[in-house]
Number of protein chains: 2
Amino acid sequence: MKHEVKILDCTIRDGGLCNNWDFSVEFVRDLYEGLNAAGVEYMEIGYKNSPKLLKGSDAGPWRFLDEKFLREVIPNKKNTKLSALVDIGRVDENDILPRSESMLDLIRVACYIKDLDKALELVNKFHSMGYETSLNIMALSHVMEHELMAAFAEIEASPVDVVYIVDSYGSMHSKDIGVLVEKFKTNLPNKMLGVHMHNNMQLAFANTLMGVEKGAVFLDSSVYGMGRAAGNCNTELLVGNLKNTRYELRPVLGVIEKHMIKIREKTEWGYIIPYMVAGVLNEHPRVAMALRDSDEKDNFTEFYDRLTTVEPAMK
Amino acid sequence: MKHEVKILDCTIRDGGLCNNWDFSVEFVRDLYEGLNAAGVEYMEIGYKNSPKLLKGSDAGPWRFLDEKFLREVIPNKKNTKLSALVDIGRVDENDILPRSESMLDLIRVACYIKDLDKALELVNKFHSMGYETSLNIMALSHVMEHELMAAFAEIEASPVDVVYIVDSYGSMHSKDIGVLVEKFKTNLPNKMLGVHMHNNMQLAFANTLMGVEKGAVFLDSSVYGMGRAAGNCNTELLVGNLKNTRYELRPVLGVIEKHMIKIREKTEWGYIIPYMVAGVLNEHPRVAMALRDSDEKDNFTEFYDRLTTVEPAMK
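Note that residues are indexed from 1 along each chain, following the sequence as it is written. Throughout, the order in which chains and ligands are written sets their labels, letters from A for the former and numbers from 1 for the latter. At least 70 in pLDDT is required for a residue's local features to be given in this predicted model, at least 80 for side-chain atom pairs to be given and counted, and no such filter applies to totals for whole chains, interfaces and linings, which use all residues. Hydrogens and water molecules were not included; the side-chain quantities draw on all heavy atoms of the structure.

Novice: Report on the side chain of A:Asn207, specifying residues and quantitative values.
Specialist: All names here are of chain A. Relative to the elements of secondary structure, asparagine 207 occurs in helix H7 (residues 204-214). Reaching out from asparagine 207, the side chain makes a polar contact with the backbone oxygen of methionine 172 at a distance of 2.9 Å. We call two residues in contact when some of their heavy atoms are within 4.5 Å. Excluding residues that lie within four positions of it along the chain, asparagine 207 makes contacts with Asp167, Met172, His173, Ser174, Ile177 and Met197. Numbering goes from the N terminus for both helices and strands, where a helix is a DSSP run of H or I of at least four residues and a strand is a run of E of at least two. For this analysis, a polar contact is any N or O atom pair within 3.5 Å, provided that within protein one partner can donate a hydrogen and the other can accept it, and provided that sequence-adjacent residues contribute only side-chain to side-chain pairs.

Novice: Tell me about the environment of B:Gly89, residues and numbers included.
Specialist: Residues and elements named next belong to chain B. In this structure, glycine 89 sits in the loop between strand S3 (81-87) and strand S4 (106-111). Since its relative accessible area comes to 56%, glycine 89 is described here as exposed. Separated by 40 residues in the primary sequence, glycine 89 and asparagine 49 place their C-alpha atoms 8.9 Å from one another. Exposure classes here rest on a 1.4 Å probe applied to the protein chains alone. A residue is buried below 20% of its type maximum, exposed above 50%, and partly exposed in between.

Novice: Please provide a residue-by-residue account of the sheet that holds strand S8 (residues 218-221) of chain B, values included.
Specialist: Residue and element names in this part refer to chain B. Read around the closed barrel, the eight strands follow the order S1-S2-S3-S4-S5-S6-S7-S8; overall the barrel is parallel. For this sheet the average axis-to-axis angle between neighbouring strands, irrespective of direction, equals 25 degrees. Think of it this way: DSSP has to see at least two bridges between two strands before they count as a pair. Relative to strand S6 (residues 162-166), strand S5 (residues 132-137) runs parallel, the two being bridged by four bridges. If you follow serine 134 over to S6, its bridge partner there is valine 162. What counts as an axis is a line fitted to C-alpha atoms, over the stretch in contact for a helix, and the angles between N-to-C directions run from 0 to 180 degrees.

Novice: Requested: an account of the pattern of salt bridges, with residues and values cited.
Specialist: Just to be clear on terms, a salt bridge is a Lys or Arg side-chain nitrogen sitting within 4 Å of an Asp or Glu carboxyl oxygen. The tally for this structure, following the rule as stated, stands at 45 salt bridges over all chains. The partner of A:Lys125 in a salt bridge is A:Glu93, and the shortest N-O contact between them spans 4.0 Å. One end of the pair, A:Lys125, is in helix H4 (residues 116-128); the other, A:Glu93, is in the loop between strand S3 (81-87) and strand S4 (106-111), with 32 residues separating them in the sequence. Taking relative accessible area as the criterion, A:Lys125 reaches 32% and is therefore assigned partly exposed. Its relative accessible area of 32% is what places A:Glu93 among the partly exposed residues. For B:Glu182, the salt bridge goes to B:Lys214, with nearest N and O atoms at 3.3 Å. Of the two residues, B:Glu182 sits in helix H6 (residues 174-187) while B:Lys214 sits in helix H7 (residues 204-214), which places them 32 residues apart along the sequence. Assessed through its relative accessible area of 33%, B:Glu182 is described here as partly exposed. Bridged by salt links that share partners, the residues A:Arg13, A:Asp14, A:Glu44, A:Arg108 and A:Asp220 form one connected network.

Novice: Can you tell me about the interface of chain A and chain B, naming the residues and giving the values?
Specialist: The partner chain B presents 35 residues to the 35 residues of chain A that form the contact. Joining two parts hides part of their accessible area as seen by a 1.4 Å probe, and the buried area is that hidden amount summed over both. Summed over both sides, the interface of chain A with chain B buries roughly 3300 Å², with 63% coming from carbon and sulfur. Close ionic contact of A:Arg250 with B:Asp305 constitutes a salt bridge, the shortest N to O distance being 2.6 Å. At the junction of chain A with chain B, the criterion picks out 14 residue pairs in polar contact (both at pLDDT 80 or more). Looking at the side of chain A that touches chain B, the elements with two or more residues in it are H7, helix H8 (235-241), helix H9 (250-266), helix H10 (273-280) and helix H12 (300-308) of chain A. Looking at the side of chain A that touches chain B residue by residue, the class counts come to 18 nonpolar, nine polar and eight charged. In the scheme used here, Gly and all other residues not listed as nonpolar or charged are polar, with Ala, Val, Leu, Ile, Met, Phe, Trp, Tyr, Cys and Pro taken as nonpolar and Asp, Glu, Lys and Arg as charged.

Novice: Please provide a residue-by-residue account of a negative patch on the surface, values included.
Specialist: Residue and element names in this part refer to chain B. A surface patch of negative charge is lined by Glu93, Asp117, Glu121 and Glu154. With respect to the helices and strands, the residue glutamate 121 is situated in helix H4 (residues 116-128). Given a relative accessible area of 58%, glutamate 121 falls into the exposed group. Patches here are clusters of residues that have more than 30% relative accessible area and form no salt bridge, with a 9 Å joining cutoff for like charges and a 5 Å cutoff for nonpolar side chains (Val, Leu, Ile, Met, Phe, Trp, Tyr). Every accessible area reported is derived by Shrake-Rupley at a probe size of 1.4 Å, with residue values counting cover from the shown protein chains alone. Here the positive residues are Lys and Arg and the negative ones are Asp and Glu; neither His nor the chain ends is included. Charge positions come from single atoms, namely NZ of Lys, CZ of Arg, CG of Asp or CD of Glu.

Novice: Can you lay out the domain arrangement of chain A for me, pointing to particular residues and giving the numbers?
Specialist: Often, the extent of an interface is quoted as the loss of accessible area upon association of its parts. All names here are of chain A. Once the domains are mapped, chain A shows domain 1 (6-266) and domain 2 (273-314). In this document the domain limits rely on a domain assignment from an automatic tool or a database. The centre of domain 1, based on its C-alpha atoms, is set 27 Å off from the matching centre of domain 2. With eleven residues of domain 1 at the interface, the matching set in domain 2 holds nine residues. The interface formed by domain 1 and domain 2 contains zero salt bridges. Here domain 1 is connected to domain 2 by four residue pairs in polar contact (both at pLDDT 80 or more). Among the residues forming the side of domain 1 that touches domain 2, the class breakdown is four nonpolar, six polar and one charged.

Right, here's the structure in full:
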């Protein structure tokens, strides 16, 4: 490997999208200890959204992180840093302490390209409070070239530390990732790059390796791949395969053995045919997620026909 | 895509290693029809080993293919050609009819590099009987460079049509496959190349795409990935993703919907932690397969310790 990479494990944050953040404190603690022992640099411990701005108060505390609670969960913070994600329009900036008083090190802002200005406003705010910041541009496979080129100038002028390439629909091949990382590198020479891949076509790990090869520094992953729909690049594959690093596979295997097998029995994610179909068709997984929640969950051909039949008006 | 590829579905042959070839005639028929409708070029319908030379007479008929039985199973052969695999020392050449009288089009010979001479003898024999032939060199990640270079000269001089790169241990990254395919292309300029990948690290599909990019023509896969241990590249991913071809995804989804979900409930294969560990460590999956057959099947850390502890004498 030509450069240092950093793994950011987002099991709690992205995995919570599968089980409504129903994670026990014991699990989150064990995960933190396991990731720290494995040498993983960051753990994304949830969303820092505001319960005032977003329904879902039945969700676990990891959707609305609270500093006091975080201190109870992780009384002894070690090498692994903590991050939280915020969504545009769902975060109340007044909820956020200056970094010097916070358990969090990194705040990541997720946005669609149309909300770039709002996202950069948040980045500026968090940066001025002392946080490391990242900008996670979602649904890149639906962004047109001229929109992206216009965005680069604004992003490069901002104080953001890391810019993420997010394959929200799990529709990209490694070649696509290679081209995108090269393009981002050329146009954002002063930013670190990150990749957040989805596993609809079993390409999350391969695409992340392509990201590394082309110069991405931040690699998102989750233990046993737990994440929305098809899930993410598997943390255990990264720590087991990245060479010349301090990573240790064994502690991640310990977390899978103790917790993830049981969690996977109750909650579904991963390579599942309707998610694969959505990836092949470059579509949001929401229709496939609805199918998996219904009695029709294994009616793959009917689902395929539904997604591929062009409505008369659209012809 | 720069060149025509051919998909060879080996669900029955490689998948049979998971369930002792316990496939119904109805399933094999539906699979043939589905693959034919999907545009898949070859279906590997089993092993052409001899029951006289190999124990396992309790295995389904797909392990010891018989021409008369094959004619009953597939009374109307369509575009999809049929292939069978033979193992060195397990095939009785007298069992094999000339191609003009056979249901089979392609006979593939699997061998370790040490058995190359025996393999080429079989290739010569089958070639003289009119069959298309392939040589599938297993365990390439354990072959040393000078052995491989010596083998190339013999192989190039033989009448074999296709030479396969087989990642038996599922331990290779796409980069490795790229390097190997380039090397085979340079040293075997008159042979078609094939790739047979295993999915221990969720790289079977990505590695197969790399094979295509570098010029491989024959792509092995199985429906829903069914194959020994971690399984193979998924047929549905190939037909869903390869561009500029006649491939159709829907018929393969039909086979998965009707059969594979049920088969997977009874029989295990795929991305399972001990197979991942074996892949990371570049080892044969047999120890992991034994673990999965035991009461300790989810004791991942103990398994990892066992495989990574160096015996004093080996230090």
